[in-house]
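Structural overview
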Amino acid sequence: MLKLIILLVALSFSLTALIPQNIPLSLYIHMPWCVRKCPYCDFNSHAVPDGKLSLDLEQEYLQALVEDFKTQIEFAQGREIHSVFIGGGTPSLISAQGYQWLFSQLKALLPFEQDCEITLEANPGTVEHDPFASYLAAGINRLSIGVQSFNTEHLKKLGRIHSNDDAVSAIRNAREAGFQRVNVDLMHGLPEQTLEQALYDLKLAVENGATHISWYQLTIEPNTVFFRTQPILPVDDVLEAIQEQGEQYLKASGFINYEVSAWRKEQPSAHNLNYWQFGDYLAIGAGAHGKVTQTDGVYRYQKTRLPKDYLAKVPAEHLQFKRIEDVEMPFEFMMNALRLNDGVVAELYTERTGLNLEDLNERISPLKQRHLMVNDATRLSCTAQGHIFLNSVLEAFL
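Rules of the game
- For every chain, the first residue of the written sequence is number 1, and numbering continues from 1 onward in sequence order.
- Two thresholds apply to this predicted model, a pLDDT of at least 70 for residue-level local features and 80 or more for giving and counting side-chain atom pairs, whereas whole-chain, interface and lining totals are computed over all residues.
- Values shown for side chains rest on all heavy atoms present in the structure; no hydrogens or waters enter the calculation.
- Helix and strand assignments come from DSSP, with helices taken as H or I runs of at least 4 residues and strands as E runs of at least 2, each series counted from the N terminus.
- Radius of gyration: over C-alpha atoms. The globule rule applied is 2.2 Å multiplied by the number of residues raised to the 0.38 power.
- Exposure classes here rest on a 1.4 Å probe applied to the protein chains alone. A residue is buried below 20% of its type maximum, exposed above 50%, and partly exposed in between.
- Throughout, a residue-residue contact means that at least one pair of heavy atoms, one from each residue, lies within 4.5 Å.
- All accessibility values rest on the Shrake-Rupley procedure with a 1.4 Å probe; residue burial counts only the protein chains present in the view.
- Charge assignment in this entry is limited to Lys and Arg as positive and Asp and Glu as negative, and neither His nor the chain termini are counted.
- For the purpose of locating charges, the reference atoms are NZ of Lys, CZ of Arg, CG of Asp and CD of Glu.
- One bridge is not enough; two strands pair if DSSP finds at least two bridges between them.
- Every crossover in which the path from the first strand over the helix to the second runs clockwise, viewed with the strands pointing away from the viewer, is termed right-handed.
- N or O atoms closer than or at 3.5 Å make up a polar contact, with two conditions inside protein: a donor-capable atom paired with an acceptor-capable one, and, for residues adjacent in sequence, both atoms drawn from side chains.
- Salt-bridge detection follows one rule: a side-chain nitrogen of Lys or Arg within 4 Å of a carboxyl oxygen of Asp or Glu.
- These domain limits were set by an automatic method or by a database of domain assignments.
- The term buried area means the drop in 1.4 Å probe accessible area that two parts suffer when joined, counted for both and summed.
- Geometry is summarised by axes, namely lines fitted to C-alpha atoms with helices restricted to the contacting stretch, and by angles between N-to-C directions that run from 0 to 180 degrees.
- Each angle is binned into one of four classes, with values under 35 degrees roughly parallel, values over 145 roughly antiparallel, values of 65 to 115 roughly perpendicular, and all other values oblique.
- Here is the rule for handedness: rotate from the far helix to the near one, and if that takes an anticlockwise turn smaller than a right angle the crossing is left-handed, while a clockwise turn gives right-handed.
- Ten residue types, Ala, Val, Leu, Ile, Met, Phe, Trp, Tyr, Cys and Pro, are classed as nonpolar, four, Asp, Glu, Lys and Arg, as charged, and the remainder, Gly among them, as polar.

So, on to the overall build of the protein. A count of helical and extended segments in the protein gives 16 helices and 16 strands. On C-alpha atoms alone, the protein measures out to a radius of gyration of 21 Å, which is about the 21 Å that the 2.2 N^0.38 rule sets for 398 residues. Projected onto its principal axes, the C-alpha coordinates of the protein cover approximately 55 × 55 × 40 Å. Every one of the 398 residues in the protein was classed for burial, and the buried ones make up 52%. Within the protein, contacts between residues at least 6 apart in sequence are counted, and of these 73% link residues at least 24 apart. Per element, the accessible surface of the protein, about 18100 Å² overall, is 52% carbon and sulfur. With 33 positive and 48 negative side-chain charges, the protein shows a separation of 1 Å between the mean positions of the two kinds.

Right under this line is the structure:
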């Protein structure tokens, strides 16, 4: 069925000179369950009864992931898996033994690169399912801990189930278990948050062993509790002070800001870097989104959203497949690439889209003249000013 869809779409468009084998291929795995839905969360997550996933449901879902993966092998075009990211929901609700079994099944179908980065999202309130050392032994080599804040009152407002002590212990325990790479997710601009509180959150993450920090401002998304209740957020002057002084503190602490909200002391996240460089990624799990390059074009797809529907359907019925039209490609590419502080080499545009970069000169030249993009023919990158007004820059490519 999928091959027929691709064929029908291809008949309407000219073929492009795309070589999928030159593009890294990652894998995203979605675990849709969590203990409790947070009021700011618009991700595909669903609370489990009693906050615990049954062994039967875990095994049924893991088997479904393998069957789902089998339907996507043809997209690999001979490539190995470059990186894996397990997101959710709360992936740490799944046992380490479950992940070990899953990886063995997936690798038997499609090899992983030798140094494949495998990241697991974990929440401080749920890591008691298995010790961190067990996840490390299962093959996971990078953790992303969803702290969001170390302030107990802010955690309550955010609907988080962990405490300040839980968060600190989770980071320390992860490092002591042997994880060399530990990302900490932190939000700022929280309801009624002060400058001092925001900076203290950063301080605790840094001092307790985070090697990578994803630091981003809370945004109120539709279809969330916060959208309906509209909490009181800090005023613009406070938000600007948090951003400015937070960046100063992270730089002084040895962190490098390589993407809009990503700060690192160690190597960048290989998985996210592949997203931002318009690489390919397979996707398995309820509601998971994927992107694959074929010789005739670039395609996005997504899976059935609700876990019960995902488990009830055969894998071929999960797929909702759409070609990225040539007219959409400039925005799709730049929306990712320009998030990187150093941007990307210019030749990547043609390699990843099959389109001629010169066709964008009329859009790029004014941005360079306004000092919003760097005046360098070998790179596609925003200036410091351009990063401040990134949304305006991206509008030029719509």
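Now, onward.
Here strand 4 (residues 81-88) pairs with strand 5 (residues 112-122) via 5 bridges, running parallel. Following the sheet pairing, Ser83 is matched in strand 5 by Glu117. Crossover connection from strand 4 via helix 3 (residues 96-109) to parallel strand 5: handedness right-handed.

On to the side chain of Asn208. Assignment of secondary structure puts Asn208 in the loop between helix 7 (195-207) and strand 8 (212-217). Accessibility expressed as a relative area gives 10% for Asn208, which makes it buried. Within the structure, Asn208 has its side chain in polar contact with the backbone oxygen of Leu204 (distance 2.8 Å). Every residue in contact with Asn208, bar those within four places of it in the chain, is listed here: Val168, Ile171 and Arg172.

Taken as a whole, this structure holds 15 salt bridges when the rule is applied. A salt bridge links Lys303 to Asp68, with the nearest nitrogen and oxygen atoms 2.6 Å apart. Taken as a pair, Lys303 in the loop between strand 13 (297-302) and helix 11 (307-312) and Asp68 in helix 2 (residues 55-70) lie far apart in primary sequence, 235 residues in all. Taken individually, Lys303 and Asp68 each receive the classification buried, so the pair is uniform in this respect. The salt bridge partner of Arg339 is Glu259, with a shortest N-O separation of 2.5 Å. Taken together, the positions of Arg339 in the loop between helix 12 (329-337) and strand 15 (344-345) and Glu259 in strand 9 (residues 256-259) put the pair 80 residues apart, joining distant regions of the chain. On the accessibility criterion, Arg339 (28% relative accessible area) is partly exposed. Its relative accessible area of 1% is what places Glu259 among the buried residues. Among the charged side chains, a salt-bridge network with shared partners connects Arg79, Asp280 and Lys291.

This part takes up the domain arrangement of the protein. Here the protein is partitioned into domain 1 (20-275) and domain 2 (338-397). The straight-line distance from the C-alpha centre of domain 1 to that of domain 2 is 29 Å. Opposite the 9 residues of domain 1 that make contact, domain 2 presents 6 residues. Interface area for domain 1 against domain 2, summed over the two sides, is near 680 Å², with a carbon-plus-sulfur share of 49%. By the criterion of area lost to domain 2, the three top residues of domain 1 are Ile23, Glu259 and Val260, representing 52% of everything that side buries. Connecting domain 1 to domain 2 are 4 residue pairs in polar contact (both at pLDDT 80 or more).

For the rest of this paragraph, the subject is the packing of helix 2 against helix 3. Packing of helix 2 against helix 3 brings their axes to within 10 Å, and their N-to-C directions diverge by 15 degrees. One finds that helix 2 runs roughly parallel with respect to helix 3. Note on packing geometry: the crossing formed by helix 2 with helix 3 is right-handed. Facing Glu58, Leu62, Gln63, Leu65, Val66, Phe69 and Lys70 of helix 2, the residues of helix 3 in contact are Gly98, Trp101, Leu102, Gln105, Leu106 and Leu109. Looking at side-chain class alone, the contact of helix 2 with helix 3 contains 8 nonpolar, 3 polar and 2 charged residues.

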